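# Architecture and fold: a report
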Amino acid sequence: MRCAWDALMSILPVSFRAEVDKQGRDGLRELRLRLDKPPELVFAGRRQWLSGRVEKDDLEYCVNVAGKYSPWAAAGIGEGYLTAKGGHRIGICGETAESERGRVNFRSVSSLCIRVARDIPGISAGMEGLQGNILILGRPGSGKTTLLRDYIRRESECMGAHMVVVDERCEIFPSYDGVPMMDTGKATDVLSGCGKAWGVECALRTMSPDRIAVDEITAAGDCDALLKAGRCGVPIVATAHATSIEDLRLRPVYKPLYESRLFDYAVILQPDSAWKGAYIRYDA
């Protein structure tokens, strides 16, 4: 497992940095900071609260250090998150206001969700060379993105596949100052920060991919983009929020994908972060 732990420590206020380091180094998934509440550590299957309370200055320190006090970074916060050095992702809540141009700006910050970026090389062993379109299923926080990242890298390195990644939320391969914080593989190209529809079309038109990878199918437009890629004959690997194939079938947003029979194979994340694969058997 790889983690830029020192980079994470550098964005935390000194007042509780040592305690987070002591309690969370080996398995911390998220650090949640809420104004006037104790810091919360989130691990796989459990939570833990630290002593003390989060102050306004603590929240501002995290945001400012992660964004290097940059006006450009502050503007990017309008999307509700900030990517820190090491690939750690900071989700933001607070009071917002919409500008005349329709952009959302934060007036104040009341809580942060710092997701610890951990790369686990080898976690996708056994998936390499799977044929057809692949859908990775799991609950939020189950490790779908971590598995997808390693699969992309293995396909690129071991199978020689030209992978094009449409990374809308900059989570698969987060970057800092334009530099990827995790190994992408030698034959991987990444389109980040763009919508799936535009990114998939761009990949098809200009990059000649062997396979397209996307994360987090969450809207009808995402489904339309994948169906377009499928009609062009380019294999797809994607992730979706569902606990089983039956759960997928029952979710309205995924109905077009299910009815199209686009995906051939499902990889389902288990509670212990292991995975199992199964061919998707569609209704007759």
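What you see is a predicted model; the values in this text were computed from it and never measured. (Residues numbered from 1 in each chain as written. Predicted model: local features only at pLDDT ≥ 70, side-chain atom pairs only at ≥ 80, totals over all residues. Heavy atoms only, no water.)

### Looking at the sheet that holds strand β9 (residues 134-138)
- Overall, mixed pairing links the seven strands, which are arranged β13-β10-β14-β15-β9-β16-β17 in an open sheet. Of all the strands in the sheet, the pair left with one neighbour each is β13 (188-192) and β17 (275-279). Averaged over all pairs of adjacent strands, the angle between their axes in this sheet comes to 20°, without regard to strand direction.
- Taken together, the four bridges between strand β10 (residues 163-167) and strand β14 (residues 211-217) define a ladder with parallel strand orientation. (Pairing = 2+ DSSP bridges. Helix = DSSP H or I, 4+ residues; strand = E, 2+ residues; numbered from the N terminus. Axes fitted to C-alpha atoms, helices over the stretch in contact; angles between N-to-C directions.)

### Thoughts on the packing of helix α6 (residues 196-206) against helix α7 (residues 220-231)
- One way to put it is that α6 packs onto α7 with a least axis distance of 8 Å and a crossing angle of 15°. With respect to α7, the axis of α6 lies roughly parallel. Our pair here, α6 against α7, has a crossing hand that is right-handed. Mapping the contact onto sequence places Lys196, Ala197, Val200, Glu201 and Leu204 in α6 and Asp222, Ala225, Lys228 and Ala229 in α7. (Parallel < 35°, antiparallel > 145°, perpendicular 65-115°, else oblique. Left-handed = near helix turned anticlockwise from the far one by under 90°. Contact = heavy atoms within 4.5 Å.)

### What about the side chain of His88?
- Mapped onto the fold, His88 is located in the loop between β5 (81-83) and β6 (89-98).
- From its side chain, His88 meets the backbone oxygen of Ala4 in a polar contact 2.8 Å long.
- Looking at His88, its side chain comes within polar contact range of the main-chain nitrogen of Ala117, at 3.0 Å.
- Dropping the residues within four chain positions of it, His88 is found in contact with Cys3, Ala4, Ala7, Leu8, Leu82, Thr83, Arg115, Val116 and Ala117. (Polar contact = N/O pair within 3.5 Å; in protein donor to acceptor, adjacent residues only side chain to side chain.)

### Comments concerning empty space enclosed by the protein
- Under the definition given, this model contains one cavity of 30 Å³ or more.
- In this structure, the largest cavity encloses a volume near 40 Å³.
- Considering the residues around the largest cavity, the lining is formed by Leu135, Leu248, Leu257, Tyr258, Phe263, Ile280 and Tyr282.
- Per-class residue counts for the lining of the largest cavity are seven nonpolar, no polar and no charged. (1 Å grid on protein atoms, 1.4 Å probe; cavity = no way out; pocket = protein on both sides within 12 Å on 5 of 7 lines; lining within 4 Å. Points joined across faces, edges and corners; volume = space filled by probe spheres on them. Nonpolar A, V, L, I, M, F, W, Y, C, P; charged D, E, K, R; others polar.)

### Topic: the layout of surface pockets
- Considered as a void within the structure, the largest pocket measures approximately 1200 Å³ in volume.
- Every residue lining the largest pocket is counted, 43 residues in all, and those nearest its centre are Arg29, Arg115, Gly141, Ser142 and Gly143.
- Taken together, the elements giving at least two residues each to the lining of the largest pocket come down to β3 (40-43), α5 (144-158) and β16 (265-269).
- By residue number, the principal contributor to the lining of the largest pocket is α5, which donates four residues.
- Split by residue class, the lining of the largest pocket holds 17 nonpolar, 14 polar and 12 charged.

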